[in-house]
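Working through the structure, step by step
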Amino acid sequence: MSILVSVIILIIIALIQNLLQLVPGVFASFYHYALGKKNRKFADSLSLYFLLGNEVFIITIFFILCTLFFTINNFFEINTIYLYWILAGIFTAETTISLFLYYRKGKFTELFISRNTASNLEKQSKNVKTPSDAFILGFLSRVPELIFTLPLYLLAIILLIDFLVVPRALILILFIFISLLPIIIIHLFYFTGHNLSHIERFRIKIKPFIKIFLSLSFLSLATLIIIGIFNHG
């Protein structure tokens, strides 16, 4: 696959990461409760550990996938064309899933996760008292969306193999930073005087756009992968 197509795909992957709403929703609740416990300084301090938990999760997933990919490839050569076709099929399926199933029916912002999982995340958000609590919450908040993000991480790894070491490292650092932008944006809402109800109203307002752009982004990934397969075999 050409470098240009690879870069475009990596940009779309980063965009999808920014469109996913579970982590921003968990962070919004967590910060709201942290403010209620003490003050902004306390909430900001815990926020850094929440961010760190998110970063460590992404790095861990990349490390595990890289290890598995190269370990398997050492025993028998992985045909990336077949892998590209599988990923194209997954992203085609996620085009429909993200449009119709990512949000639950209703006017609010409930997501596809089970009510039990949602309740547990809400309970953990309320009970964060220490940096380690915030770190664990930040780490675990990305787990339920692996159904969407795991294929993205795998595709990013396959594409980055063709890059030189330095650009590859820079892209990974940039990718991780971009993935944290939704959390930073939610924090800016609080910093500028908004509260949880304001943020929730905003998230309800952008819900239709999220569904459409998320679906189109997955469709674009599938299309670009197929184009890359036919153009470069």
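Calculation notes
Residues numbered from 1 in each chain as written. Predicted model: local features only at pLDDT ≥ 70, side-chain atom pairs only at ≥ 80, totals over all residues. Heavy atoms only, no water. Helix = DSSP H or I, 4+ residues; strand = E, 2+ residues; numbered from the N terminus. Expected span 1.5 Å × (residues − 1). Buried < 20%, exposed > 50% of the residue type's maximum accessible area, 1.4 Å probe, protein only. Arc of directions from axis to C-beta. Contact = heavy atoms within 4.5 Å. Core = buried A, V, L, I, M, F, W, Y, C linked by side-chain atoms within 4.5 Å. Patch = residues over 30% accessible without salt bridge, like charges linked within 9 Å, V, L, I, M, F, W, Y side chains within 5 Å. Areas by Shrake-Rupley, 256 points an atom, 1.4 Å probe, with all protein chains shown as cover. Salt bridge = Lys/Arg side-chain N within 4 Å of Asp/Glu carboxyl O.

For helix α8 (residues 165–179), spanning 15 residues, the distance from its first C-alpha to its last is 21 Å, which sits close to the expected 21 Å at 1.5 Å a residue. Within α8, burial applies to Phe175, Ile176 and Ser179. Considered in projection along α8, the buried side chains sweep an arc of 95° and stay on one side of the axis. Of the exposed residues in α8, the ones pointing more than 90 degrees away from its buried face are Val166, Leu170 and Ile173. Next to the buried residues of α8 lie α1 (3–19), α3 (40–75), α7 (146–160) and α9 (181–191).

Our focus in this paragraph is the nonpolar core. Of all hydrophobic cores here, the largest spans 68 residues; its most connected members are Ile9, Ile13, Phe30, Phe91, Leu155, Leu221 and Ile225. With 11 residues, the single largest contributor to this core is α3. In contact with Ile9, other than residues within four places in its own chain, are Met1, Leu155, Leu159, Leu221, Leu224 and Ile225.

For the rest of this paragraph, the subject is a nonpolar patch on the surface. Together, Phe63, Ile64, Leu68, Ile72, Phe75 and Phe76 make up an exposed nonpolar region whose accessible area comes to about 680 Å². Mapped onto the secondary structure, Phe76 falls in the loop between α3 and α4 (80–100). Assessed through its relative accessible area of 54%, Phe76 is described here as exposed.

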